[in-house]
Every structure is written in structure tokens, then in C-alpha cells.
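# Understanding the architecture of this molecule
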Amino acid sequence: MAHISPIVKQATPVVVEKAEGCWILGTDGHRYLDLTSGIAVTSTGHCHPRVVAAAQEQITKVIHAQMATVMHKPMLQLTEKLGEVLPEGLDSVFYANSGAEAVDAALRLARMATGRPNIVAFQGAFHGRSVGAASLTTASTKFRTGFAPLMGGVVVAPFPYAYRLGMSEDEAVAFALQELDFYFQTISAPNDTAAFIIEPVQGDGGYIPTPWAFLKGLEERARKHNILLILDEVQAGIGRTGKFWGHQHAGIKPDIITIAKGIASGFPISAIAASTELMSKALPGSQGGTYGGNAVAAAAAIATLSVIEDEDLVANAAARGEQLQSGLKRLQTKYPVIGDVRGIGLMQAMEFTDHDGEADPATAAAVQQAAIEEKLLLLTCGPRANVIRVIPPLIVSPEEIELGLAAIGRALETAATK
Ligand SMILES: Cc1ncc(COP(=O)(O)O)c(C=O)c1O
């Protein structure tokens, strides 16, 4: 009998029967509050009626219309709709299927457009699992180990992770920028450097908002040395941080952004956006793919963007994020094993550390497992697996946040008394 490969490591034993909004009905008959959003994907919640209707309608018209062969209306309309929210000047869009593919597309474009070989990524980043994206990923050695050699031309520079470094945010930013400048002198000369790639909030690496001053520092260096600035908005984009794009908090202008996850509420579609001028520097036909910009996924993406606009979900992400963070900070006062509470919008996290300030993955795992008993789904993250991230859909209500916080409180109590 065939079975699912153990390569996939599952965080919960839940098998989904049906899902709606923030809730999952398991085949075990239990209702679970889903504060994972399928890793930041179900932005409008599970099976939003408008997303379901758009996909159902599209499926009767055309399912697959290969983009290099023919164009289809959903892709054209999605591009128009995205144009309303894309950062200024990024008016050219290329579609793929997954976040990793978007990252690969961005790095391919950056190298081709600049003629330079190196990409600077930052320690702790997660950019995906294809060989290209994994080569930029240092969120854990588990994403890199055992299949070397990875792609060449990748330089990993320090990230200002203030809590781990035991520094203030300002100190961490000064340290990381100083190191980056030294990297230009010792490892990758600016003339060899095609791009910086960075997440507005490090995701799998531990839910660490990138300090805005660091992003500004990167932008300055990018402009000074004609290095492209790639913002990986795969997890933080589409309203999740309380602004439409995570990098907008820093007031910077990227050259390329990557988009996936929340854009289509669960349908696999991703994209990169850049200026037409930049995209025109790549060889026509150098990028493509059989399924990129699939018609049904594109229809679902249009509906998702409309729901986000009509239901004012970016503002909801900001407000519910504040509510969630205050609740987690209240829990921190009761449970000192929560060493740090951090996040922005609906990307919030608790980092667990012991009395000596050492990472405490055992407690993080115990809380995540106890939460399942409370019918609450949470995920861990971080290189040391000592962070629990809370990622509600953007439609989450104040009542659902309170239910989630109460369940986290009970899970903490269970883990603390074990
Ligand atoms: C910031 C970021 N980039 C890229 C990816 C890769 O996306 P995918 O899993 O769709 O390939 C992820 C996935 O978690 C991500 O968080």
C-alpha cells in the first residue's frame, strides 16, 4: 500500500474534512481554530465564498491555457488588479506557481539584468526549497544539508537579529551594516554583486521583523552601487503585516518583489514584479513554465484581492495584530519562559528561552502539542525550533483572537506543569 513519504514532517496529526474561515473540521470530528493559515496562505480564510465562486466559474471556462502559447483573461485581469497595489514603478509581472519559483525567477532576472554573479542573502532567511532558493536559505541547516553542492555565487551576510545577539535594535542594525560594508571589501565587491534579497519579516527563520533602518541601509547601498534590491514578500506580502507589502513599513523602493502564498487564498500561483525597463533586460523566453499563472488560480487571486479590498482586511490585519501581540505580551508576564514576543500585523511570535537565556525548543514543542489538545493549530519556526508563530487569516475576528489567546494560555499552563 502506498503512503505519504516521511520526508514531510507533519506538525499535527489532523486530517482535514472541511474548512471554513479560521476553522478546520478534522476527520476526528473536532473543530480546530487554525492560526497557521496553511503557513500564511489562506489570507481570506478557508474557502471564502467569493474565492470559491470565482474558481468554480473559471473552471467551466478554461482550466489551463499555457502562457507562452496563448493568453487568458484571468491572467490579464489579475495583472490589472495587481497594478492597483504594486509598489510604484513595478509595472511588469511574471507568473509562476510557488514562492521558491518566484525567488528563482527573481535571482535569474537579477543576474541577467546586471551581468553580475553574486547574490547577497541574510543569515536566517528562508527563500524556499528549490536548489536556487535553498542556496539563499539559512533558516536552518536542515534546508541545506545533504544535497550539496548548492548554487554558487551566494554570499550570506549577518542579519540584525537583536534578541539573539543581545543587542538593542540600533546596535544590531549598525553591526550588520558595518559587516555588510566589510563584505564588499572582503567577499563580494559591489561590481560583482547583482542583488540583495531579503524578507521584510524573516519567516521560517523565527518571525523577526527586519528593522526598518536596516532595509533603508540596504536601499542606500543598492542605489550607491547599482545593486538590485529584491524584497521577498512571499510570506509578509498581501496585507499580512498591516500594510499591503511588508517593505512599505520602511518606506523603501524595491527593484523586484516576489509574491505567492496569500495572493490566491490557497491556489498555487506566484509572481515577480519589476519595472518594464528591468524586465526588458532579460532574454525573452529566458523564463517560463508549463503552469505559471494558471487560469483557475488567477481567477481565485482576483477574487482574493477584491475581498481584501472590500472587507478592509489590511486594516484588520493591523488591528488584530496589535490585539494578538498585547495578549501574547500579557502571557509573557505570567510565563517568563517566553523570552521575546515580537511581530508585526498578523505575523506574531513567542521565542522560548530558559533561565540562562538559552533557546528552549522543548517548551516550544510542548506548547505547540498542548495547543492541539486545546483544538488550536500553531506552528513552530526558527533555526533552533524555539519559536511559536501565530499566523491567523486576515479575516480573523476579535473574538477568534481572544479564543486563540485563551487556548495558548491553557497550552502554556499544561506545558509549564509537565
Ligand atoms: C519568504 C518566503 N520565500 C519563499 C518561500 C517559498 O515558498 P514556497 O513554499 O511556495 O516555494 C517561503 C515559504 O515559506 C517564504 O516564507
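Residues numbered from 1 in each chain as written. Predicted model: local features only at pLDDT ≥ 70, side-chain atom pairs only at ≥ 80, totals over all residues. Heavy atoms only, no water.

### Focus on the overall build of the chain
Rules: Put simply, DSSP H or I for four residues or longer makes a helix, DSSP E for two residues or longer makes a strand, and each gets a number counted from the N terminus. For the radius of gyration, the atoms used are the C-alpha atoms, and the globule rule reads 2.2 Å times the number of residues raised to 0.38. Here the term buried applies to any residue with accessible area under 20% of the maximum for its type, exposed to any over 50%, and partly exposed to those in between, with areas from a 1.4 Å probe on protein chains only.
Within the chain, the regular secondary structure consists of 13 helices and 17 strands. On C-alpha atoms alone, the chain measures out to a radius of gyration of 21 Å, which is about the 22 Å that the 2.2 N^0.38 rule sets for 418 residues. For the chain, the spread of C-alpha atoms along the principal axes amounts to about 60 × 55 × 45 Å. Within the chain, the proportion of its 418 residues that are buried is 57%.

### Structural notes on the domain arrangement of the chain
Interface size, as often reported, equals the accessible area lost upon joining of the parts. For clarity, the threshold we go by: Boundaries between domains were set according to an automatic or database domain assignment. The contact rule is simple, with two residues in contact once any of their heavy atoms fall within 4.5 Å. Buried area is understood as the total, over both parts, of accessible area removed when two parts are fitted together, assessed with a 1.4 Å probe. Whenever a carboxyl oxygen of Asp or Glu lies within 4 Å of a side-chain nitrogen of Lys or Arg, that contact is scored as a salt bridge. N or O atoms within 3.5 Å of each other form a polar contact, as long as, within protein, one can give a hydrogen and the other can take it, and as long as residues adjacent in sequence are counted only when both atoms are side-chain atoms. Classification used: nonpolar for Ala, Val, Leu, Ile, Met, Phe, Trp, Tyr, Cys and Pro, charged for Asp, Glu, Lys and Arg, polar for all others including Gly.
The domain architecture assigned to the chain consists of domain 1 (16–47 + 312–417) and domain 2 (50–310). Here the C-alpha centre of domain 2 lies 25 Å away from the C-alpha centre of domain 1. With 36 residues of domain 1 at the contact, the number on the domain 2 side is 35 residues. Taken over both partners, the interface formed by domain 1 and domain 2 buries close to 2700 Å², and the fraction arising from carbon and sulfur atoms is 62%. Three residues, Val 314, Ile 344 and Met 347, lead the burial of domain 1 against domain 2; their summed loss comes to 25% of the area buried on that side. Our enumeration of links across domain 1 and domain 2 arrives at one salt bridge. Among the ionic pairs, Arg 389 bridges to Asp 204, the shortest N-O distance being 3.3 Å. The interface formed by domain 1 and domain 2 includes 15 residue pairs in polar contact (both at pLDDT 80 or more). Looking at the side of domain 1 that touches domain 2, the elements that each hand over two or more residues are helix 1 (37–40), helix 11 (313–334), strand 13 (338–344), strand 14 (347–352) and strand 17 (387–390). Looking at the side of domain 1 that touches domain 2, its residues break down into 20 nonpolar, ten polar and six charged.

### Quick look at the packing of aromatic side chains
Under the convention used in this document: In this analysis, rings of Phe, Tyr and Trp, with Trp reduced to its six-membered ring, are considered paired at centre separations within 6.5 Å, and the interplanar angle assigns stacked below 30 degrees, edge-to-face beyond 60, and tilted for intermediate values.
Inspection of every chain in the model, using the stated rule, returns six aromatic pairs. Summarising the aromatic geometry, the rings of Phe 126 and Phe 143 are spaced 4.8 Å apart at their centres and angled 70° between planes, so their arrangement reads as edge-to-face. Taken together, the positions of Phe 126 in the loop between strand 5 (118–122) and helix 5 (131–135) and Phe 143 in the loop between helix 5 and strand 6 (154–157) put the pair 17 residues apart, joining distant regions of the chain. Neither Phe 126 nor Phe 143 differs from the other in exposure class; each is buried.

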